[in-house]
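Residue-level structure breakdown
One letter stands for each residue in the lines below.
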Amino acid sequence: MATQGFEEDVPEEPVPAMQQLLDNPFLLLFIGIAMPTVLYIVWGVMEIVSLPIAK
């Protein structure tokens, strides 16, 4: 009887893209800073556009 480890039987699978994203702390930091900044800028532009024009 040949005793082989379980790890040798399982082919290596590629790492999913979402796992690669969540494993990168610097990318998460960038997204955590960039997304609120972009959303607040868009919100501010929408508020300025919605102001009535002075007569």
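Residues numbered from 1 in each chain as written. Predicted model: local features only at pLDDT ≥ 70, side-chain atom pairs only at ≥ 80, totals over all residues. Heavy atoms only, no water.

1. Considering the overall build of the protein chain
Scanning the protein chain for helices and strands turns up three helices and zero strands. Ordered by position in the sequence, the α and β elements of the protein chain form the string α-α-α. Burial analysis of the protein chain (55 residues in total) assigns 0% to the buried set. (Helix = DSSP H or I, 4+ residues; strand = E, 2+ residues; numbered from the N terminus. Buried < 20%, exposed > 50% of the residue type's maximum accessible area, 1.4 Å probe, protein only.)

2. A look at the packing of aromatic side chains
For the coordinates displayed, the defined rule picks out one aromatic pair. Look at Tyr-40 and Trp-43: their rings are 5.8 Å apart centre to centre, the planes differ by 25 degrees, and that puts the pair in the stacked class. With a gap of three residues between them, Tyr-40 and Trp-43 both fall in helix 3 (residues 25–50), about one helical turn apart. For Tyr-40, a relative accessible area of 57% puts it in the exposed group. (Phe/Tyr/Trp six-rings, centres within 6.5 Å; stacked < 30°, edge-to-face > 60°.)

3. Details of helix 3
The terminal C-alpha atoms of helix 3 lie 38 Å apart, and with 26 residues this matches the ideal 38 Å at 1.5 Å per residue to within 8%. Of all 26 residues in helix 3, zero are buried, a share of ten percent or less. The opening residue of helix 3, the one whose side-chain oxygen lies 3.3 Å from the backbone nitrogen of Phe-26, is Asn-24. (Expected span 1.5 Å × (residues − 1). Polar contact = N/O pair within 3.5 Å; in protein donor to acceptor, adjacent residues only side chain to side chain.)

4. What to know about a nonpolar patch on the surface
A surface patch of nonpolar side chains, amounting to about 470 Å² of accessible area, comprises Leu-27, Phe-30, Ile-31, Met-35 and Leu-39. Looking at the secondary structure, you find Leu-39 in helix 3. Among the residues examined, Leu-39 registers a relative accessible area of 54% and is labelled exposed. (Patch = residues over 30% accessible without salt bridge, like charges linked within 9 Å, V, L, I, M, F, W, Y side chains within 5 Å. Areas by Shrake-Rupley, 256 points an atom, 1.4 Å probe, with all protein chains shown as cover. Salt bridge = Lys/Arg side-chain N within 4 Å of Asp/Glu carboxyl O.)

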